[in-house]
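# Chain and residue survey
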Amino acid sequence: MNTETIDTGPVLEGALNVAEFYRGATVLVTGGTGFIGKVLVEKLLRCFEVKKIFLLIRRKANVSATDRLQQMLEGPVSIFDTIRSTAPDAKERFAKVVAMDAAFDREDIVDDVDKTKLCNEVQIIFHVMASIRFNEVLDEAIAVNVTSAQRLYALATSMAELRSIVHVSTFYANCDRPYIEERIYDDVPYGGLEHIQLFFKSLSVEEKERMTRVVLGNMPNSYVFSKKCAEAMVGREFGHLPIGIFRPPIVISSYREPEPGWVDCFHGATGLCVPVVLGKTMWYYGKPEVKPFMSPVDHTVSGMLAAACDIYRRQCTILPVEKPVPVYNFTFEKNRFAYGDMVELVCSGLPNVLDRWLSRIKCRISPWKIFPQMLLWLMTLQARIADEILAWFGKRGSNVKIVSAITTLSNAVEYFRCHMWTMDNSNVKRMLSLLSRDDAKRLDFDGEQIDWRDYHKSYAKGIAMELMRKNDRRKSKQLNVSEFYRDAVVLVTGGTGFLGKVLVEKLLRSMAVKKVVLLVREKRGTSVPERLRQLISDPIFDKIRESEVHPSKVFAKLEAVETDFTTDEFVKEPYKTDLLNETQIVFHVMATVRFDMSFQTVLDTNVTSAERLYTFLRQARHLKAIVHVSTFYSNCDRAHIEECVYDDIRYGGWDHIRRILEPLTEAEKAKLMPSIIAPLPNNYTFSKKCAEVMIQKRFSDLPIGIFRPPIVTPGYREPVPGWVDSLQSVTSLCIPILKQRLLWYYGDPAACPALAPVDYCIAGLLTAACDVSHRQEEKRVLESFDRKGAEPPVYNFYFDKQFISWQQFIGLVGASLPTYSGRLFR
């Protein structure tokens, strides 16, 4: 492969006719919903007469590609407002943008229908999509930044009308070199890209983290290393395509387009300027004299658009037939400013004179590490104190989170504040000189002509505006629980129990579900249809009977299916097929909550039944969420319980214990029980712990979450205040008080139990299912790039404010007695 700097041709006036190049063209963009991608799409629609723009978009948080496109185009404060307000044919222009669902975890990144469209229509490709996280494990960064590009360009080889591909890399892909030329450096260490991928495939997570640092060598992070690998891959595998590599530097807010100072993310240099705008104190370690390469996003996009045209011109005019891949270092040596001057420039855009003066003292680049470190310790302490004060007033503070985020970003880009590079940008300069006069006005990307003082007049304002937008989005980012359940088919186990009844009643009364299927067993000679009739006649459903015009239609949504969890095939046909074809949401509430049951019975009911159910649900075609109801006390041997599964079952774990117990008699099991379950207090809590571990080990690939309610008390408001239908746990302990009997319990009067009304638990349960579904979509996005998704989410339904002690609880129960003497002597 030729690695010389590539001459893009003679300097001729009007040699590049960019406007004509895009006239009637169909453009494919990846990463179109990102910072650079949005500006690229907006520029294409506003300034060029393109025929169509295909955007490859991944589903995200259960939002389809089409919906994500609509959100981007029609947001409350949109980058596309300029088109909307100035172009009379704005609606027709937006109709040119077509979203396609893309899954880069597959070799075929789009389905066959979309693939045919792309192969027949696309002429120009901009591959902008990338993961810009600096702290990713190397194989994860390679999966996103290399493998995705590899699969896209493999698809591009079948595009009949293809004219040009712009592969967006970064100027820092070769930052281990002091002088960077406009050529591909194919010197990936450790045997090259393929060998690194093969090597990492067999490593554990911890080993990957350790080896990432070793393989990176002098490179500062996995992002720039993966970009280097992508460039080498392009040169080796796709040099026969009309492709070029575009290397932008640090991309910052817009200069003039679509509006001065526009930005929608806080990465890199922009993120480090947030404290200046917020009036916070922050010193960064670095060399004040270092002059970074920076480019406004509108200049960057204009350069990309011109580069696509230049790549096509080269393919048409330059011999020999084997043309090396052109590289564009989109950097300009002249007109750079130093980091030491950056704070003053940013402060010049602050509206208040006092803020401009103070910020120059509050924010600095220090060549000595000790001062930024001391200031960081002090700021962290202040942030913790501020958050604690807010917590006293029942508010959630974010000061520590903000300091931590800024510190993480500062550490990630520290390398770039301490190093300086020189470069060759001959291809970019030559491309600039080839523009016609009209194209030069349309595509203003000469970095040497930027007036940085004029630029920074809008810089701080742009950051402030995005901070406001993020705050508004944060407030509006909510789970749409009602919509999640609309027309859904819900499967419930334990629907005839205390929690189950309230859950079913809430689903029928408050959620527009299509159907609620109850798995019910025959009990004491009572058939399943009869048990369903008994359930519907329960007073808990009186509210539905009173409030609904046609309550019979509501109850018609209930369906009972006979089940027997003592066998592997616990549901018979034809119900089995129907459940697998229809079920979308599952609540596994069924459990034995008696503490005095035999060890084997408890384990069979609380663990084996769940195992059989989740094995069955693997075949469910439309499954969105499973909520496994556990208990907050499944790990009550710990003083502090986190929202995670504790896989610390002794005696070789649950599977080994099960094998040990199989040949034993009930008497032998009873003798072993105290030793096996210790330090947990009873069979029930131990079985719930076993079920959680079983879920994590065998079913973490399912959309499943573990919900841990505390001690469940009678209803607070729903279905009626004080409703309860079982006398277990704390409810049974209150009976002597209500009967005004003398009874003392042994315990610590000052101990504070975790309590929650049953209606609150059900509300949390319903919300958890919606959250599980959203998390599963995020997990799928991670796994689509070969990244490990999070373990099943755990919900500790526990609130540490407004504690009451056992003594206070007893007092409050007695205070509701109807007689004065009863209340007096309670």
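In what follows, the structure referred to is the one given above.
Residues numbered from 1 in each chain as written. Predicted model: local features only at pLDDT ≥ 70, side-chain atom pairs only at ≥ 80, totals over all residues. Heavy atoms only, no water.

### Let's talk about the pairing of strand β1 (residues 26-30)
Along β1, five of the five residues are buried, which leaves the element largely enclosed by surrounding structure. Residues of β1 alternate between two faces, with Thr26, Leu28 and Thr30 on one and Val27 and Val29 on the opposite face, all of them buried. Bridging between β1 and strand β2 (residues 52-57) involves five bridges; their strand directions are parallel. Bridging from a neighbouring strand, Val29 pairs with Leu55 of β2. (Buried < 20%, exposed > 50% of the residue type's maximum accessible area, 1.4 Å probe, protein only. Helix = DSSP H or I, 4+ residues; strand = E, 2+ residues; numbered from the N terminus. Pairing = 2+ DSSP bridges.)

### Some points on the packing of aromatic side chains
Evaluation of the coordinates by the stated rule reveals 34 aromatic pairs. Measuring from ring centre to ring centre gives 5.1 Å for Phe246 and Phe330, while their planes differ by 35 degrees; the resulting arrangement is tilted. Linking Phe246 in strand β7 (residues 243-247) with Phe330 in the loop between β11 (327-329) and α14 (339-347), this pair joins segments that are 84 residues apart in sequence. With respect to class, Phe246 is no different from Phe330; both count as buried. For the pair Tyr716 and Tyr760, a centre-to-centre distance of 5.8 Å together with 45 degrees between the ring planes defines the contact as tilted. One end of the pair, Tyr716, is in the loop between β20 (711-713) and α33 (729-733); the other, Tyr760, is in helix α35 (residues 758-783), with 44 residues separating them in the sequence. We classify Tyr716 as partly exposed; its relative accessible area is 44%. Since its relative accessible area comes to 39%, Tyr760 is described here as partly exposed. (Phe/Tyr/Trp six-rings, centres within 6.5 Å; stacked < 30°, edge-to-face > 60°.)

### Examining the pattern of salt bridges
Per the stated rule, a full pass over the model turns up 40 salt bridges. Taking the shortest distance from any N to any O, the salt bridge between Lys52 and Glu121 comes out at 3.1 Å. In this pair, Lys52 is assigned in strand β2 and Glu121 in helix α6 (residues 112-121), connecting sequence segments 69 residues apart. With relative accessibility at 22%, the residue Lys52 sits in the partly exposed group. One salt bridge connects Lys208 with Asp139, and the closest N-O pair in it is separated by 2.9 Å. Highlighted residues: Lys208 in helix α9 (residues 205-216) and Asp139 in helix α7 (residues 138-156), separated in sequence by 69 residues. For the pair shown, Lys208 and Asp139 are each scored as buried. (Salt bridge = Lys/Arg side-chain N within 4 Å of Asp/Glu carboxyl O.)

### A look at a nonpolar patch on the surface
A cluster of nonpolar side chains, Trp368, Ile370, Phe371, Met374 and Trp377, forms an exposed patch at the surface whose accessible area comes to about 610 Å². As for its placement among the helices and strands, Trp377 is situated in helix α16 (residues 370-392). (Patch = residues over 30% accessible without salt bridge, like charges linked within 9 Å, V, L, I, M, F, W, Y side chains within 5 Å. Areas by Shrake-Rupley, 256 points an atom, 1.4 Å probe, with all protein chains shown as cover.)

### Examining the pairing of strand β4 (residues 124-127)
Here β4 shows no split at all, with Ile124 and Phe126 on one side and Ile125 and His127 on the other all buried. Sheet analysis places β1 next to β4, joined by four bridges and oriented parallel. The residue bridging Val27 from the neighbouring strand is Ile124, located in β4. Relative to strand β5 (residues 164-168), β4 runs parallel, the two sharing four bridges. Among the inter-strand pairings, Ile125 is bridged to a residue of β5, identified as Ile165. Once you follow β4 into α7 and on to β5, the crossover reads as right-handed. (Right-handed = clockwise from strand over helix to strand, strands pointing away.)

### Looking at the environment of Tyr716
Each C-alpha atom of the pair Tyr716 and Trp262 lies 49 Å from the other, and the pair is 454 residues apart in sequence. Not counting the four nearest positions on each side in its chain, Tyr716 is found in contact with Pro721, Gly722, Pro757, Asp759 and Tyr760. (Contact = heavy atoms within 4.5 Å.)

### So, the side chain of Thr685
With respect to the helices and strands, Thr685 occurs in helix α32 (residues 683-698). Setting aside anything within four residues of it in sequence, one finds Thr685 in contact with Tyr633, Ser634, Cys636 and Leu680.

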